[in-house]
Amino acid sequence: MAAKYLGEIPQVMMLDVLYTPRETETAINAMLWHKDRHHDSVFRIFINPFDMLKDNGATMAFPKSYSNSKYYNTYPYFTDSEAIKNGFNMKDVKHLTGKSGQIGVVDTIQNFHCGSRSKNERYLAILTFVPYLYLGRYDSPSLTGERSAYKKENEFILNYFK
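Everything numeric in this text was worked out from a predicted model, so none of it was measured.

A. How the structure looks around the overall build of the protein. Assigned secondary structure in the protein consists of five helices and seven strands. Counting from the amino terminus, helix and strand elements in the protein follow one another as α-β-β-β-α-α-β-β-β-β-α-α. The buried share of the protein, taken over its 162 residues, is 40%. When the accessible surface of the protein is summed, it comes to about 9,800 Å², and 56% of that surface belongs to carbon and sulfur atoms.

Structure below.
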């Protein structure tokens, strides 16, 4: 799945195991709407170790097509009220809810998302895949000339396993 979405051989960038206490009065950081900025695209699998409901911090995301057509002026984070002022329709938000063991998939680079707005404790595991040899930031040598050398290899291997 990750290879098909990314169009390249994937590698695991990280596995996060998150705990969030009950919601604080003020939303901060990942509790606000944002897009991650560390790559061009990622394939993130959100794994629910316990039943995940809206009330216990389900990650929320706007559809990719919607996220690519909207802009906002409080980069990198913005509140619900700022989103509404900028034309975001909160009815379009998808909640990654599910039973224990179920997964959800979101490209957090391409989709506006937020999480941890929880009335209860929140537990979540996130497995992040990025294109092969794409672990660094944009100024890394592997993301400039060196990375292009692997394009043909990636295409060959992806075609081989189709």
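B. Region of the structure containing the packing of aromatic side chains. Counted by the stated rule, this structure contains nine aromatic pairs. Note on F50 and Y123: the rings are 5.4 Å apart at their centroids and 65 degrees apart in plane angle, and the pair reads as edge-to-face. Here Y123 lies in strand 7 (residues 122-131) and F50 lies in the loop between strand 2 (43-47) and strand 3 (60-61), a separation of 73 residues in the sequence. Here the aromatic rings of F62 and F88 are separated by 5.2 Å at their centres, their planes lie at 65 degrees, and the arrangement is edge-to-face. A residue pair is termed long-range when its members are at least 10 positions apart, and F62 in the loop between strand 3 and helix 2 (64-69) and F88 in the loop between helix 3 (80-85) and strand 4 (94-95) qualify at 26 residues. With respect to class, F62 is no different from F88; both count as buried. The structure contains a cluster of three or more aromatic residues connected by ring pairs, namely W33, F62, F78, F88 and F112.

Thresholds applied
Residues numbered from 1 in each chain as written. Predicted model: local features only at pLDDT ≥ 70, side-chain atom pairs only at ≥ 80, totals over all residues. Heavy atoms only, no water. Helix = DSSP H or I, 4+ residues; strand = E, 2+ residues; numbered from the N terminus. Buried < 20%, exposed > 50% of the residue type's maximum accessible area, 1.4 Å probe, protein only. Areas by Shrake-Rupley, 256 points an atom, 1.4 Å probe, with all protein chains shown as cover. Phe/Tyr/Trp six-rings, centres within 6.5 Å; stacked < 30°, edge-to-face > 60°.

None of the figures reported here should be taken as evidence of function without further support.
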